[in-house]
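# Architecture and fold: a report
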Amino acid sequence: MPPALLGVALQLAALATFVAMDTVIKLLTAGFPVSQIMWARFVFGFLAVALALRVLAGRVPWRSHAPGLQTLRSLILAVCNLLFTIALVHIPLADATAVGFASPLLTVALAAVWLKEKVGWRRWAGVAIGLGGVVVLLRPPFLFAGEPVHWAMLLPLGTAALFAVYQILTRKLAAVDDPRTTILHTSFAAGLVTSAALPFDWVWPSAGGWAALLLLGVLGGAGHGLLVMAFARAPASLLAPMSYTQMIWAVLAGLMVFGDVPDGLTLAGMAVIAAGGVLVALPDRARR
């Protein structure tokens, strides 16, 4: 299989895993504080990845050639997860996921500016259209009459901006470190930070609660492991548009697990974002 195609397949698998993780997070917010959920997400995720690498590779490739970037990337992911988890306490999974789709659009823009990847006019048009869809979802009062959108809808927008930086750092580290090293470092710094905050806000879990917290960590570790392997095989500007498949799974999960039915404006915003994503996904024609 060509590396770029394999990268796309790994990205799609990562996105499905992230929706499963977000569903578990939203379920856990009913019984656990956000800080404890984040602790489980990163600490159990780190342990799961370290164990998997030890069993499959025979060693834990810890040493990084860019430890500062690895630490920054992990901490950015921690803030992303914090903002998104707080949002899930207040708004439906599909709404939070849809607003978060500003991230692949911003990733394309950052890939052009930071990584110097070639991005043609069609992809730039897709970025602009997609961001227009995000505006529809946010429903600013100066454009839409009626009840203002919940303030928590702004949190996934912050997650999107930070996650775009996270993905660009993932792509940069792919040229510096072994992908397994990056996978291992993904949760390390974040796990240390969340562990420091844990004593101030703790609810003792039942057996089922421990299982759910452990599952959260495993899903997080697996999802970001797949993401790192995807970015090691394909350009960021190609992988970013694949993120729109996550919207489908988020809507289905919201319907099946939480009974959340998106309203017409939400569906319209999703459709506009998806249209922008299609334009971004189309390859630029080579100049003759």
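Summary of the structure given here. (Residues numbered from 1 in each chain as written. Predicted model: local features only at pLDDT ≥ 70, side-chain atom pairs only at ≥ 80, totals over all residues. Heavy atoms only, no water.)

## Some words on the layout of surface pockets
Of the pockets and cavities examined, the largest pocket occupies roughly 260 Å³. Mapped by element, the contributors of at least two residues to the lining of the largest pocket are α2 (34-57), α8 (179-185) and α10 (207-231). Top contributing element to the lining of the largest pocket by residue count: α10, with 6 residues. Looking at the lining of the largest pocket residue by residue, the classes come out as 11 nonpolar, 2 polar and 2 charged. (1 Å grid on protein atoms, 1.4 Å probe; cavity = no way out; pocket = protein on both sides within 12 Å on 5 of 7 lines; lining within 4 Å. Points joined across faces, edges and corners; volume = space filled by probe spheres on them. Helix = DSSP H or I, 4+ residues; strand = E, 2+ residues; numbered from the N terminus. Nonpolar A, V, L, I, M, F, W, Y, C, P; charged D, E, K, R; others polar.)

## Focus on the pattern of salt bridges
All chains considered together, the criterion is met by 1 salt bridge. Among the ionic pairs, Asp178 bridges to Arg180, the shortest N-O distance being 2.8 Å. (Salt bridge = Lys/Arg side-chain N within 4 Å of Asp/Glu carboxyl O.)

## Here's the deal with the packing of α2 against α10
Close contact between α2 and α10 brings their axes to 7 Å; oriented N to C, the two are set at 60°. Here α10 runs oblique to α2, going by the angle between their axes. Here the hand of the crossing between α2 and α10 comes out right-handed. On α10, the residues touching Gln36, Ile37, Trp39, Ala40, Arg41, Phe44, Gly45, Ala48 and Val49 of α2 are Trp210, Leu213, Leu214, Leu216, Gly217, Val218, Gly220, Gly221 and His224. Across the contact of α2 with α10, the residue classes tally to 11 nonpolar, 6 polar and 1 charged. (Axes fitted to C-alpha atoms, helices over the stretch in contact; angles between N-to-C directions. Parallel < 35°, antiparallel > 145°, perpendicular 65-115°, else oblique. Left-handed = near helix turned anticlockwise from the far one by under 90°. Contact = heavy atoms within 4.5 Å.)

## What about the packing of aromatic side chains?
This model, assessed by the stated rule, comprises 9 aromatic pairs. With centroids separated by 5.6 Å and ring planes inclined at 65°, the aromatic side chains of Trp202 and Trp204 adopt a geometry described as edge-to-face. A relative accessible area of 64% means that Trp204 is categorised as exposed. One aromatic cluster is present, built from ring pairs that chain together Trp39, Phe44, Trp202, Trp204 and Trp210. (Phe/Tyr/Trp six-rings, centres within 6.5 Å; stacked < 30°, edge-to-face > 60°. Buried < 20%, exposed > 50% of the residue type's maximum accessible area, 1.4 Å probe, protein only.)

## Comments concerning helix α7 (residues 154-174)
The first and last C-alpha atoms of α7 sit 31 Å apart over 21 residues, in line with the 30 Å expected at 1.5 Å per residue. Among the residues of α7, those classed as buried are Leu155, Pro156, Thr159, Ala160, Phe163, Ala164, Tyr166, Gln167, Ile168, Leu169, Thr170 and Leu173. (Expected span 1.5 Å × (residues − 1).)

## Topic: empty space enclosed by the protein
Tallied over the entire structure, the rule returns 1 cavity of 30 Å³ or more. Lining the largest cavity are 25 residues, with Asp22, Phe84, Thr159, Phe163 and Gln246 sitting closest to its centre. Counting residues per element, the ones that place at least two in the lining of the largest cavity are α1 (3-28), α3 (67-90), α4 (93-99), α5 (102-113), α7 and α10. With 6 residues, the single largest contributor to the lining of the largest cavity is α1.

## Observations regarding the side chain of Thr266
Structurally, the position occupied by Thr266 is in helix α13 (residues 264-281). For Thr266, a relative accessible area of 2% puts it in the buried group. Aside from chain neighbours lying at most four places away, what touches Thr266 is Asp95, Leu137 and Arg139.

## Overview of the packing of α5 against helix α6 (residues 121-138)
Each pair of packed helices can be described by the angle between their axes along with the distance between the axes. One can describe the packing of α5 onto α6 by two numbers: an axis separation of 9 Å at closest approach and a directional angle of 150°. Relative to α6, α5 is oriented roughly antiparallel. Considering the relative orientation of α5 and α6, their crossing is left-handed. Across the interface between the two elements, Ala102, Leu105, Val108, Ala109 and Ala112 from α5 touch Trp124, Gly126, Val127, Gly130, Leu131 and Val134 from α6. Of the residues that constitute the contact of α5 with α6, the class distribution is 9 nonpolar, 2 polar and no charged.

## With respect to the environment of Ala250
Positionally, Ala250 belongs in helix α12 (residues 245-258). Taking the C-alpha atoms as reference, Ala250 lies 9.1 Å from Ala96; in sequence the two are 154 residues apart. For Ala250, the contacting residues outside a window of four places in its chain are Val19, Leu93, Ala94 and Thr97.

## Focus on the nonpolar core
Ile25, Leu28, Ile37, Leu216, Leu227 and Ile273 are the most contacted members of the largest nonpolar core, which has 71 residues in total. The element that contributes the greatest number of residues to this core is α1, accounting for 10 residues. Beyond its immediate chain neighbours, meaning those up to four positions away, Leu28 contacts Ile37, Ala212, Leu213 and Leu216. Listed in part, the 6 residues of the second largest apolar core include Val49, Ala50, Leu53 and Leu184. (Core = buried A, V, L, I, M, F, W, Y, C linked by side-chain atoms within 4.5 Å.)

## What about α12?
Compared with an ideal rise of 1.5 Å per residue, which puts 14 residues at 20 Å, α12 spans 20 Å between its outermost C-alpha atoms and is within 8% of the ideal. Those residues of α12 that fall on the buried side of the exposure criterion are Gln246, Met247, Ala250, Val251, Ala253 and Gly254. Projection of α12 onto a plane perpendicular to its axis shows the buried side chains occupying an angular sector of 165°, all on one side. Summarising the geometry of α12, the exposed residues directed more than 90 degrees from the buried face are Ile248 and Met256. Positioned one or two residues after α12, Gly259 has a phi angle of 70°, which is positive. (Arc of directions from axis to C-beta.)

Any functional reading would require information beyond the geometric quantities listed.
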